[in-house]
Amino acid sequence: MAISVADMMEEVRRKRPLVHHITNYVTVNDCANVCICAGGSPVMTDEAKDLPEMVALSSAVVLNIGTLNERTVESMTIAGREANRNDVPVVLDPVGAGATSYRTSAARLLLDRVEVSVIKGNSGEIGVLAGIGGKVRGVDSVSGSDGMEAAVSALAERTGAVVAATGKTDYVSDGRTVSVMGNGSDMLETVSGTGCMVSSVIGCYVGACGTSVESVSAAISVFNIAAEKAVEGGKVFGPGSFKTKLLDSVYGLTKDDVDGSIRMELRKV
Amino acid sequence: MAISVADMMEEVRRKRPLVHHITNYVTVNDCANVCICAGGSPVMTDEAKDLPEMVALSSAVVLNIGTLNERTVESMTIAGREANRNDVPVVLDPVGAGATSYRTSAARLLLDRVEVSVIKGNSGEIGVLAGIGGKVRGVDSVSGSDGMEAAVSALAERTGAVVAATGKTDYVSDGRTVSVMGNGSDMLETVSGTGCMVSSVIGCYVGACGTSVESVSAAISVFNIAAEKAVEGGKVFGPGSFKTKLLDSVYGLTKDDVDGSIRMELRKV
Amino acid sequence: MAISVADMMEEVRRKRPLVHHITNYVTVNDCANVCICAGGSPVMTDEAKDLPEMVALSSAVVLNIGTLNERTVESMTIAGREANRNDVPVVLDPVGAGATSYRTSAARLLLDRVEVSVIKGNSGEIGVLAGIGGKVRGVDSVSGSDGMEAAVSALAERTGAVVAATGKTDYVSDGRTVSVMGNGSDMLETVSGTGCMVSSVIGCYVGACGTSVESVSAAISVFNIAAEKAVEGGKVFGPGSFKTKLLDSVYGLTKDDVDGSIRMELRKV
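All figures in this text were calculated on a predicted structure; none of them were measured in a lab.

Chemist: Before we go on, may I ask you to explain the UniProt feature "binding site: substrate" (unreviewed entry) in chain A in this structure?
Modeler: The UniProt record annotates "binding site: substrate" (unreviewed entry) at M44 and G193 of chain A. If you trace the backbone, M44 of chain A turns up in strand β2 (residues 41–44).

Chemist: Looking at this model, I keep getting lost on the sheet that holds strand β11 (residues 264–268) of chain B. Mind explaining?
Modeler: Whether parallel or antiparallel, the strands of a sheet pair through hydrogen bonds between backbone atoms. All names here are of chain B. Taken in spatial order, the nine strands make up an open sheet running β2-β1-β3-β4-β5-β8-β9-β10-β11, and their pairing is mixed. Of all strands in the sheet, those bounded by a partner on one side alone are β2 (41–44) and β11. Averaged over all adjacent pairs, the angle separating strand axes in this sheet is 20°, with direction ignored. Across five bridges, strand β5 (residues 118–122) lies against strand β8 (residues 162–166) in parallel orientation. The residue of β8 that forms the bridge with I119 is V163.

Chemist: Got a minute to help me understand the relation of the copies chain C and chain B in this structure?
Modeler: In this arrangement, two copies of a chain are superimposed by a rotation about an axis accompanied by a shift along the axis. The transformation that overlays chain C on chain B combines an axial shift of 0.0 Å with a rotation of 120°, and the residual RMSD is 0.0 Å. Taken together, these values place the two copies in the relation of a three-fold axis. Closest approach to the rotation axis among the C-alpha atoms of chain C is made by Y25 of chain C, whose C-alpha sits 3.7 Å away. Little of the interface of chain C is mirrored in chain B: 7% of its interface residues are interface residues there too.

Chemist: How do you make sense of the relation of the copies chain A and chain B when you look at a structure like this?
Modeler: Superposition record for chain A on chain B: RMSD 0.0 Å, screw rotation 120°, translation along axis 0.0 Å. The residues that chain A uses at the interface reappear at the interface of chain B in only 3% of cases, marking distinct surfaces.

Chemist: Explain the pairing of strand β8 (residues 162–166) of chain C to me, please; I cannot follow it from the model alone.
Modeler: Look at any regular strand and the pattern is simple: side chains alternate between the two faces of the sheet. Residue and element names in this part refer to chain C. Across the five residues of β8, five count as buried, placing the element largely inside the fold. Residue alternation in β8 divides its side chains into two sets, V162, A164 and T166 and V163 and A165, and both sets are buried. Here β8 runs beside strand β9 (residues 170–173); their pairing, made up of three bridges, is antiparallel. Each residue of the ladder has a partner; that of A164, found in β9, is V172.

Chemist: Just to check I follow, could you spell out the sheet that holds strand β9 (residues 170–173) of chain A for this structure?
Modeler: Residues and elements named next belong to chain A. Read from one edge to the other, the open sheet built from nine strands follows the order β2-β1-β3-β4-β5-β8-β9-β10-β11, with strand pairing classed as mixed. Only two strands of the sheet have a single neighbouring strand rather than two, namely β2 and β11 (264–268). Ignoring which end each strand starts from, the neighbouring axes of this sheet average 20° apart.

Chemist: Help me out: how do you make sense of the side chain of E82 of chain B in this one?
Modeler: Locating E82 of chain B in the fold gives a position in helix α4 (residues 70–85). Taking relative accessible area as the criterion, E82 of chain B reaches 15% and is therefore assigned buried.

Chemist: I would appreciate a short explanation of the UniProt feature "binding site: ATP" (unreviewed entry) in chain A in the present structure.
Modeler: All names here are of chain A. UniProt's entry tags K120 and T166 with the feature "binding site: ATP" (unreviewed entry), counted in the numbering of this structure. In sequence the annotated residues extend across 47 residues, while in space they remain close, none of their C-alpha pairs exceeding 7.6 Å. Looking at where K120 falls in the secondary structure, it is placed in strand β5 (residues 118–122). Residue class for K120 comes out buried when judged on its relative accessible area of 3%. In contact with K120, not counting residues within four places along its chain, are L92, D93, P94, I126, A164, T166, G195, V198, S199 and I202. Structurally, the position occupied by T166 is in strand β8 (residues 162–166). For T166, a relative accessible area of 16% translates into the label buried. Residues within four places of T166 in sequence aside, it is in contact with K120, G121, N122, S123 and I220.

Chemist: Looking at this structure, how should I read the environment of A151 of chain A?
Modeler: Residues and elements named next belong to chain A. With respect to the secondary-structure elements, A151 resides in helix α7 (residues 148–159). Its relative accessible area of 0% is what places A151 among the buried residues. For the pair A151 and A107, spaced 44 residues apart in sequence, the C-alpha separation works out to 16 Å. Here A151 is in contact with A130 and I132, once residues within four sequence places are set aside.

Chemist: Explain the pattern of salt bridges to me, please; I cannot follow it from the model alone.
Modeler: Pairing between side chains of opposite charge can happen when the charged atoms of each approach one another. All names here are of chain A. Inspection of every chain in the model, using the stated rule, returns 49 salt bridges over all chains. With its nearest N and O atoms 3.6 Å apart, the salt bridge here joins K229 to E232. Of this pair, K229 and E232 both sit in helix α9 (residues 213–232), separated by three residues, roughly a single helical turn. A relative accessible area of 24% means that K229 is categorised as partly exposed. With a relative accessible area of 56%, E232 lands in the exposed category. Because the salt bridges share partners, they merge into one network encompassing E11, R14 and K15.

Chemist: Help me out: how do you make sense of the packing of helix α8 (residues 194–209) of chain A against α9 of chain A in this one?
Modeler: Between two packed helices, the angle of one axis relative to the other and the distance separating the axes together describe the packing. All names here are of chain A. α9 packs onto α8 with a crossing angle of 135° between their chain directions and a minimal axis gap of 8 Å. Classified by the interaxial angle, the pair formed by α8 and α9 is oblique. Relative to α9, α8 is oriented so that their crossing is right-handed. Between α8 and α9, the contacting residues are T194, M197, V198, V201, I202, Y205, V206 and C209 on the first element and S215, V216, A218, A219, I220, V222 and F223 on the second. Its residues placed into classes, the contact of α8 with α9 shows 13 nonpolar, two polar and no charged.

Chemist: Can you walk me through the interface of chain C and chain B in this structure?
Modeler: Many authors give the size of an interface as the accessible area that is lost as the parts come together. Each partner contributes to the interface: chain C provides 29 residues, whereas chain B provides 29 residues. Here chain C meets chain B over a buried area of about 2,400 Å², counting both sides, of which 51% is carbon and sulfur. Across the pair D140 of chain B and R16 of chain C runs a salt bridge whose closest N-O atoms are separated by 3.6 Å. For the interface between chain C and chain B, the tally reads 16 residue pairs in polar contact (both at pLDDT 80 or more).

Chemist: Honestly, unusual backbone geometry in this entry has me stumped. Any pointers?
Modeler: Comment: phi is negative for the bulk of residues other than glycine, and the bulk of peptide bonds are trans. Residue and element names in this part refer to chain C. Look at R16: it is not a glycine, yet its phi comes out positive at around 45°. Using a relative accessible area of 35% as the deciding quantity, one classes R16 as partly exposed. Within the chain, D87 stands out as a residue other than glycine whose phi angle is a positive 55°.

Chemist: Help me understand the confidence of the model for chain A, please; the structure alone is not making it clear to me.
Modeler: The predicted coordinates should not be examined in detail at positions where pLDDT is low. Averaged over all residues, the pLDDT of chain A is 96; the fraction at 70 or higher stands at 98%. Under the prediction, the complex receives an ipTM of 0.96, its pTM being 0.97.

Chemist: Is there a simple way to think about the interface of chain A and chain B in this case?
Modeler: Counting residues at the interface gives 29 residues for chain A and 28 residues for chain B. Here chain A meets chain B over a buried area of about 2,400 Å², counting both sides, of which 51% is carbon and sulfur. Of all residues in chain A, the largest losses of buried area upon contact with chain B belong to Y25, V26 and R137 of chain A, amounting jointly to 26% of the total for that side. On inspection of chain A and its partner chain B, the count reaches two salt bridges. Here K49 of chain B and E70 of chain A are joined by a salt bridge, their closest N and O atoms 2.9 Å apart. On the surface where chain A and chain B come into contact, there are 15 residue pairs in polar contact (both at pLDDT 80 or more). It is helix α10 (residues 239–252) of chain A that provides the largest number of residues to the side of chain A that touches chain B, a total of five residues. Grouping the amino acids of the side of chain A that touches chain B by side-chain chemistry returns nine nonpolar, 13 polar and seven charged.

Criteria and thresholds
Residues numbered from 1 in each chain as written. Chains lettered and ligands numbered in written order. Predicted model: local features only at pLDDT ≥ 70, side-chain atom pairs only at ≥ 80, totals over all residues. Heavy atoms only, no water. UniProt positions renumbered as here; feature names shortened; annotations may be inferred. Helix = DSSP H or I, 4+ residues; strand = E, 2+ residues; numbered from the N terminus. Pairing = 2+ DSSP bridges. Axes fitted to C-alpha atoms, helices over the stretch in contact; angles between N-to-C directions. Least-squares fit on C-alpha atoms with pLDDT ≥ 70 in both. Contact = heavy atoms within 4.5 Å. Buried < 20%, exposed > 50% of the residue type's maximum accessible area, 1.4 Å probe, protein only. Salt bridge = Lys/Arg side-chain N within 4 Å of Asp/Glu carboxyl O. Parallel < 35°, antiparallel > 145°, perpendicular 65-115°, else oblique. Left-handed = near helix turned anticlockwise from the far one by under 90°. Nonpolar A, V, L, I, M, F, W, Y, C, P; charged D, E, K, R; others polar. Buried area = accessible area lost by both parts, 1.4 Å probe. Polar contact = N/O pair within 3.5 Å; in protein donor to acceptor, adjacent residues only side chain to side chain. pLDDT = per-residue confidence, 0-100.

Printed below as a string of structure tokens:
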């Protein structure tokens, strides 16, 4: 890798990318806060009239369909197209794709209308979009990660996006290279919106470092290593204290923390 | 009681019920997180086109009118009717009924349109809906619990729902039996949305254990005992740390915690 | 000052003002919780049909345009006018004014349609509205506080509102007097929505103590002293634990804490 994960982490903190979100109302506050903790500056707006100027100012746009509705799908389309016009990278988190046909269709519609730079989902959502199947219950994946390496590559090749599937093992691919990562903590599953938070961190990294397997993988690694460090201190007693510590940990993560803990492997497809 | 509160707690954790919410944007994140902590899996969606499939997958539906508007009242109607068609229990939290006529009307409209399994409110809201009077200021009750035992029974008999009125003392009735409970902590009043959180936990319990005075009472007891345990550790310094500890406590509550602390009495009406 | 900041803090806690908010969905939960911690009772509703009655019951109305849209700008207009009719003070937080023309126009439209009692923004937003220039990036100010003393006075004189510009130094003016304040913590910038939280606390103070340079300054001072106290304990390890401690601290602040730490100077314009 030309530039290390730890160096990218510093780059994000130095550049403080403005990351525009159209996201769900369930986890939006955590997305805003993790964005700040990772080094970015979050902004959320979904009114059509406000979007062109706000997107033009932004370093990245994150579209998360967690609580989508007819109005916000239109807002996402406008924001995405405006981002495309301004060469601003677009991260799509197809929350719940595969759980209902409306969500699957909305994800596909956005992929059709907008040139998406990064698709980030859980293994169920990515399995569904990649057409290899995948099981989603509500907004949680119940698929394992079998075949995920092939799935991210295939979906990347078909869409031109960098594709990330998160789970016990995380996979990121651009169709040529696959990054396979093993950091994280079981506690991440006990807090609502940790998947959404990863998408916001990815927004920070592609906004500051450009879109690549490396930058998307760096974002996922930094978040997951922070989760490991959060638990290590012995001050996590459940999901409440874990979330607090997780934000502290993303904020305070050092280059040594990253270098000493990272579990990432790059493979050719 | 055929099955103990502690056993129901384990049942919820084992079954991991999918609990669909249409709720307010103020406390929605806490509802999602407490749902996970209690053993459930939360999902929030309010777009009409997404509702039929999502409701059909769910074990329970929670309708909370905290920040209702014309669009979401329609969504709640669709979700509630779809739940009725699929024999999915519906929990209604009539937030602020009695404070304004719009809220009172919306609560009554939903009770008219949807077969509601559980009505959960504070004593002011339940007093208003039961027609015994009740004072609500904003979204908080300023009524005491005088006459609440009769109010829950009367409203239960009239609506066919299990009715719960929460406060210093909590009352639950199906019109034949009343459960009277005394667990809880004064700190619960210092955090926005603890009432909404109880409704989400009720969604978990009726989703996993069926709708009954026992399952609704179990949900309330578990939440309130968790609040007591949260405070006991001596690490609560105010509303911020209390909320963190409360989530930890709901997550980590043991059968012994429940058996050793529960204050519940069942009476015939 | 006729009544001290510490006395006003007690007055708010004693009166428990009902503070109605139409605010953004990003930080709304923190606004509700800080309102409780400061001694108020929050309520959030934005449906036109629910507003007249709810506003009439309220002690103050807070309008925050953080995630405004066409529907909520109308709701804010209705709420503001109803507040005017009922002599309920209106606090306007023009989030992101200056970042996009839509936000600047919306802030001006509301100032045009509603008699606003308090305008509270960061130095960039206030600079833009005062017409002295000001730079806003997303929703964050990138202006320094040069000229802010003159800006708050000029905007106050033009609008008839008490105007507050927050930053390292905070300025509040009614066009005749300026209050200059120096409390706070750098950690405030690491948490999303601390500016919104200040507006909610201002709602509590004008709701309980009336609208004046003194009451608005008291609200800002109490919040910022609480931030200092939060950090002092040595238990803040990052933005997550800071937010938790901040809420605890606003809740537990004593008159001695205020009297011992306050840095406020009143000057004639």
